[in-house]
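Tertiary structure, described
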Amino acid sequence: MRAARRKVRGGHWKGLCQCYWYPLYAYARRKGRQPADAEDVTQGFLAELLAKDRLAAVHPSKGRFRTFLLTCFDHYLCDVRDREAALKRGGGRRILSLDWEQAESRYAYEPVDNRTPEMLFEKAWAMQVLTRALHRLREQWAEAGKEAAFAELRVFLTGDAERGDARDSAARLGMSEGAMRTAINRLRGQYRELLRAEICETVAGDREAVDAEYQHVAEVLRNVCG
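Note that this is a predicted model, so its numbers are computed, not measured.

What counts, and where the lines are drawn
- Residues numbered from 1 in each chain as written.
- Predicted model: local features only at pLDDT ≥ 70, side-chain atom pairs only at ≥ 80, totals over all residues.
- Heavy atoms only, no water.
- Helix = DSSP H or I, 4+ residues; strand = E, 2+ residues; numbered from the N terminus.
- Buried < 20%, exposed > 50% of the residue type's maximum accessible area, 1.4 Å probe, protein only.
- Contact = heavy atoms within 4.5 Å.
- Areas by Shrake-Rupley, 256 points an atom, 1.4 Å probe, with all protein chains shown as cover.
- Expected span 1.5 Å × (residues − 1).
- Phe/Tyr/Trp six-rings, centres within 6.5 Å; stacked < 30°, edge-to-face > 60°.
- Lys NZ or Arg CZ within 6 Å of the ring centre and 35° of its normal.

When helices and strands are tallied, the protein chain shows 9 helices and 0 strands. When its helices and strands are written in sequence order, the protein chain yields α-α-α-α-α-α-α-α-α. Counting all 226 residues of the protein chain, 44% fall into the buried class. For the protein chain, contacts bridging at least 24 residues in sequence account for 75% of all contacts bridging at least 6. By element, 49% of the accessible surface of the protein chain is carried by carbon and sulfur atoms, the whole surface being about 12300 Å².

So, about helix α5 (residues 117-143). Here α5 contains 27 residues, and its C-alpha end-to-end distance of 39 Å stays within 8% of the 39 Å for a straight helix at 1.5 Å per residue. Once α5 ends, the next one or two residues include G145, with phi positive near 75 degrees.

Right, let's talk about the packing of aromatic side chains for a bit. Applying the stated criterion across every chain, the model contains 7 aromatic pairs. Relative to F73, the ring of F45 lies with its centre 5.0 Å away and its plane at 50 degrees, an arrangement referred to as tilted. One end of the pair, F45, is in helix α2 (residues 35-52); the other, F73, is in helix α3 (residues 65-83), with 28 residues separating them in the sequence. Centre to centre, the rings of F45 and Y76 are 5.6 Å apart; their planes meet at 55 degrees, and the pair counts as tilted. On the criterion of sequence distance, the pair formed by F45 in helix α2 and Y76 in helix α3 is long-range, its members being 31 residues apart. Each member of the pair, F45 as well as Y76, is classed as buried. The structure contains a cluster of three or more aromatic residues connected by ring pairs, namely Y27, F45, F73, Y76 and F121. One residue, K146, lies across the ring of W141, its end atom 5.9 Å from the ring centre. Positioned over the ring face of Y214 is R196, at 6.0 Å from the centre of the ring.

Below, the structure is given as structure tokens:
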């Protein structure tokens, strides 16, 4: 958490808000709030954190940023209920440009089942980590002039593609099967490193904490996403 706070003070906080706003929105929706209300409380919460630097008063020695954030959000929701006043789109403080229509479209695809708001938040967080890492991976390959190769190889990131698919892709890229296997392994290695880099943004900087959070991402996707 200390590492996260240092980055926040260095201007990284808006980036974290961009990463976490949809999980918070999904959490508010699963708690029973309608789309406009969920938008209000999410925007208002993030705007208040940015405007008042709420992290400056927090001094935990360690911890997961997402857990801290969700706890703060729960307190904020309680305060909103206690005030019995509707928020006005973050009090007029549109500090972040967020795609609310896209948020509700994404939420419409969330499974309608007995998953708790906390479980949905965890799932949305895990998917966001994977998406951000994939975006960074695509950018790296594009910068190296290998965007076409990435488009062909990304299907192999999960290991679900058939061997015949690899042969077909190798032929399209003009590669031998051996070179294709090497490229796939390199791509997967880069993706793992970028996932770890994303996780490092929001946990205390020691390797053990990062390893534990990395395993938690896999567990969430396995148990929550089905």
